[in-house]
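Tertiary structure, described
Here's the letter readout for the chains.
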Amino acid sequence: MMMMPTFVHAKKKTLAVLISGGGSNLKALYNAIENGLLTDTEISLVVSDKANAKGLEWAFSQGLKTLVVSPAMCKQLEVDFEAVLLNALEEHAIDVVVLAGFLRIFKGDVLTAYEGSIVNIHPSLLPAYGGKGMYGNHVHEAVLANQESHTGCTVHLVTANVDEGDVLGQTQVPVLPTDTTETLAQRVLEQEHQLYAQVLQRWLPTIAPKVPSFV
Ligand code: GRF
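Now for a description of the structure that goes with this document. All of these numbers come straight from a predicted model, not from anything done at the bench.

Along strand 6 (residues 118-122), five of the five residues are buried, which leaves the element largely enclosed by surrounding structure. Every second residue of strand 6 is oriented toward a common face, with Ile118, Asn120 and His122 on one face and Val119 and Ile121 on the other, all of them buried. Pairing of strand 5 (residues 96-99) with strand 6 involves three bridges; the strand directions are parallel. Looking at the pairing, Val98 lines up with Val119 of strand 6. Examined bridge by bridge, strand 6 and strand 7 (residues 150-157) share four bridges and lie antiparallel to one another. Across the sheet, the residue bridging to His122 is Thr154, located in strand 7.

Attention now goes to the environment of Tyr30. If you trace the backbone, Tyr30 turns up in helix 1 (residues 24-34). Expressed as a C-alpha distance, the spacing of Tyr30 and Val97, which sit 67 residues apart in the sequence, is 15 Å. Aside from chain neighbours lying at most four places away, what touches Tyr30 is Ile43, Trp58, Gln62 and Leu64.

On to the nonpolar core, then. In terms of nonpolar packing, the biggest core is built from 40 residues, with Val98, Val119, Tyr196, Leu200 and Trp203 touching the most fellow members. Among the elements that take part in this core, helix 7 (residues 181-203) stands out by supplying eight residues, more than any other. Excluding anything up to four places from it in sequence, Trp203 contacts Val96, Gly116, Ser117, Val119, Leu157 and Leu168. Core analysis: the second largest hydrophobic core is formed by 20 residues, Leu18, Val69, Leu86 and Val110 among them.

Criteria and cut-off values
Within any chain, residue numbers begin from 1 and follow the written order of that chain's sequence. Given that the model is predicted, a residue must reach a pLDDT of at least 70 before its local features are reported, and side-chain atom pairs must reach 80 or more before they are shown or counted; all residues, however, enter totals for whole chains, interfaces and linings. Side-chain metrics rest on all non-hydrogen atoms present in the structure, leaving aside hydrogens and water. Burial classes: relative accessible area under 20% of the type maximum marks a residue as buried, over 50% as exposed, and values in between as partly exposed (1.4 Å probe, protein chains only). Elements are defined by DSSP. Helices are runs of H or I of four residues or more, strands are runs of E of two residues or more, and each kind is numbered from the N terminus. Two strands pair under a simple rule: DSSP has to find at least two bridges between them. Two residues form a contact once any of their heavy atoms are found within 4.5 Å. The definition of a nonpolar core used throughout is a set of buried Ala, Val, Leu, Ile, Met, Phe, Trp, Tyr and Cys residues joined through side-chain atoms within 4.5 Å.

Structural measurements only, silent on function.
As C-alpha cells, then:
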C-alpha cells in the first residue's frame, strides 16, 4: 500500500527579520527564542537594506545568517529589489517575514508571495499615527504635539496600504507630562520588545509553513 505523505505543521517556523537600523526588536526576538518565550521558531535570516545597519553587525556576531540587499545596487544592476529579496527568502525556506524597523515599503513580488505572512511593528496605537511619513520620532513628536494621554505600539499584518493591515496586538503606553520625544520613544520601544514576541508566539502557529515538511 502506498503511504501518503502527512503534512506536519508543527515544524519550527522560519523567520526572516528585516531591519534598516539599530535592530533592538531583532535582539528582543532573538532573546525571546533563546529564553524559551518564543517557541518552535528560528531566525533563519536577517536582511538589511543598509550595509551599515547596526543590527546587522550584531546579528552577524551572533552567528545569524545575514544578507544586505542594497536598493542602490539593484538599481544599478537593473534588477528589482523585491525580486532579489524574494529569491533570498525562498532560498532560505522562509515561512514568515518579520519587519523590525525596515524602512522600505513593499509593493511587488514579496507582498504577493508572502501575503498574510508579513508582519510589522509600529510605534503607535494604529490606526492613529500611521501611514506615510509616520515613522521613528515623527510619530512621537506628533503624539506629544497633540497632547495625547496615551500612545503605544502595534503589531500588524503588512498589506499594500501602509500601516493598514489587520492588527494582531497592541500595548498602551501612557504619555507623561514630563515626556520628551526621546523618553517617550524609549518607553514605547521597551513595550515593543515584549509585544512582538508575545504576538508571534500566539500568531505563528496559525500560519501554514511556506515549505511543508513530510513524514
Ligand atoms: C521601532 O520603533 C519600530 O516600531 C519601528 O522602527 C523602530 C525600530 O527600532 N518600525 P529597532 O531597529 O528595532 O531598534
